[in-house]
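# Report on the structure
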Amino acid sequence: MMPVSRPAEGETLSARTSTLLKRRQTKANSYVEGSAAIGGAWKAFGGTDAKKEVAEKLEKVFFGKCAYCEITVARDVEHYYPKSLYPKQMFQWDNFLFACKNCNTDKSNRFPVDDNVPLLLDPCNDEPADFITWDLVDSGQPILPPDRRLAETLAFLPQLRAQSLATLRLQAARNFKWLLTEVLEPTPRPSDALAWLESEVDPKQQWMSVRRQILRDPDWQPIITKVRTQYPHLGPMFDAIVDPRSDP
Ligand SMILES: [Zn+2]
């Protein structure tokens, strides 16, 4: 999971779509939690140009990746606060995330709260790295501190612990570490190692949280500093991963 800057509605959605969302939200405000009208209203929204615009804008904001598990086959407009339980949030831009089918389905309308405070990690408001540290040596899985919010998030989003994804995370970590050292060699092998490293820090890549963890790892700073010195153009690309919410 990567921290994401979701722009304000007024900065990204067209006035027309904003108006349409507001109109639909006004109607949705009268829906009772769990009522069948909620699903119907969302389905009716499905075929509209406004929905299309929302999905396209979210795809850009989330770099086409699932807000939770980072795979690139995301295409669902996901509600952080589930629409069936929080109809007053169902047409709110600030409640929209981009997610893959698996995460969206797994989460469904489950939403753990403690004293009205959500426990599910929110990539737009939380700092995921405060909660998730990946084991990049052996398993590719989250290292589990006794933190309640991470435990709840993993319980509701089993995709985060899927073995197939863990294997790919480990692979991404190994490639990235290897490339960071290889580009410092007098004659990097392969010769296009630098271009490869550049492509690895493209925010559209999956498993960016893995590379972010390495870029933030104190043990790796001596090598990363050397890479930044030798290839200054990589600095802003690294910075954008380390702190994606800061203005470039
Ligand atoms: Zn996902």
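In this text, all values refer to a predicted model and were calculated from it rather than measured experimentally.

### Let's talk about the overall build of the protein
- Broken down by element type, the protein carries 11 helices and 6 strands.
- Taking 248 residues into account, the globule formula puts the C-alpha radius of gyration at 18 Å, and the protein, at 20 Å, falls close to it.
- With respect to the principal axes defined by its C-alpha atoms, the protein has extents near 65 × 40 × 25 Å.
- Considering the protein as a whole, with its 248 residues, one finds that 30% of them fall into the buried category.

### A word on the environment of T12
- With respect to the helices and strands, T12 occurs in helix α1 (residues 9–12).
- Taking C-alpha positions, T12 is 9.8 Å from E53, a pair spaced 41 residues apart along the chain.
- If we skip the residues at most four places from it in the chain, T12 touches P7 and K57.

### A look at the nonpolar core
- In this structure, C66, A67, Y68, C69, F98 and A99 are the most contacted members of the largest nonpolar core, which totals 43 residues.
- Counting only elements with at least two residues in this core, the list comes to α4 (49–61), β2 (96–99), α7 (163–182) and α9 (208–216).
- Of all the elements, α7 adds the most residues to this core, at 6 residues.
- Those residues within four positions of Y68 in sequence are excluded, and the remaining contacts are M1, A99, C103, L157 and L160.
- Core analysis: the next-biggest nonpolar cluster, separate from the first, contains 7 residues, L20, I38, M90 and F91 among them.

### Some thoughts on the packing of α7 against α9
- At their nearest, the axes of α7 and α9 sit 9 Å apart, and the two run at 45° to each other. Classified by the angle between their axes, α7 and α9 sit oblique to one another. Crossing of α7 over α9 shows right-handed handedness. Only V210, R211 and I214 of α9 make contact with α7, whose side of the interface consists of R169, A172, A173, F176 and K177.
- Residues belonging to the contact of α7 with α9 are distributed by class as follows: 5 nonpolar, no polar and 3 charged.

### So, the environment of V210
- The topology assignment puts V210 in helix α9.
- Each C-alpha atom, one on V210 and one on A173, is 6.2 Å from the other, the two residues being 37 residues apart in sequence.
- When residues no more than four places from it in sequence are discounted, the contact partners of V210 are W134, L136, R169, A172 and A173.

### As for the domain arrangement of the protein
- Split by domain assignment, the protein resolves into domain 1 (9–161) and domain 2 (164–242).
- The gap between the C-alpha centroids of domain 1 and domain 2 is 29 Å.
- In this complex, domain 1 contributes 16 residues to the contact, which on the side of domain 2 involves 16 residues.
- Considered class by class, the residues forming the side of domain 1 that touches domain 2 number 7 nonpolar, 7 polar and 2 charged.

### Observations regarding α7
- With 20 residues, α7 extends 28 Å between its outermost C-alpha atoms, agreeing within 8% with the 28 Å of an ideal straight helix rising 1.5 Å per residue.
- The complete set of buried residues in α7 reads R169, L170, A172, A173, F176, L179 and L180.
- Of the surrounding secondary structure, the elements contacted by the buried residues of α7 are β5 (133–134), α8 (193–200), α9 and α10 (221–230).

### Considering the packing of helix α2 (residues 15–28) against α4
- Put simply, α2 and α4 touch, their axes get as near as 9 Å, and they point 110° apart. With respect to α4, the element α2 is oriented roughly perpendicular. For the pair α2 and α4, the sense of crossing is left-handed. Where α2 approaches α4, its residues T17, L20 and L21 are matched on the opposing element by A50, E53 and V54.

### Side note on the pairing of β2
- Side chains of β2 alternate between two faces, with F96 and F98 and L97 and A99 buried alike.
- Relative to β2, strand β1 (residues 76–79) runs antiparallel, the two sharing 4 bridges. Bridging from a neighbouring strand, H79 pairs with F96 of β2.

### Some words on unusual backbone geometry
- Each neighbour pair has its own omega, and for R189 with P190 the value is 0°, a cis peptide bond.
- By the element assignment, P190 lies in the loop between α7 and α8.
- Phi is positive for F63, which is not a glycine, with a value near 55°.
- Within the fold, F63 resides in the loop between α4 and β1.
- Even without a glycine there, the phi angle at N116 is positive, about 70°.
- For N116, a count of 5 C-beta atoms within 10 Å gives the class exposed.

The rules behind these values
Residues numbered from 1 in each chain as written. Predicted model: local features only at pLDDT ≥ 70, side-chain atom pairs only at ≥ 80, totals over all residues. Helix = DSSP H or I, 4+ residues; strand = E, 2+ residues; numbered from the N terminus. Rg over C-alpha atoms; globule rule 2.2 N^0.38 Å. Buried ≥ 20, exposed ≤ 12 C-beta atoms within 10 Å, placed from the backbone. Contact = placed C-beta atoms within 7 Å. Core = buried A, V, L, I, M, F, W, Y, C linked by C-beta atoms within 7 Å. Axes fitted to C-alpha atoms, helices over the stretch in contact; angles between N-to-C directions. Parallel < 35°, antiparallel > 145°, perpendicular 65-115°, else oblique. Left-handed = near helix turned anticlockwise from the far one by under 90°. Nonpolar A, V, L, I, M, F, W, Y, C, P; charged D, E, K, R; others polar. Domains from an automatic or database assignment. Expected span 1.5 Å × (residues − 1). Pairing = 2+ DSSP bridges.

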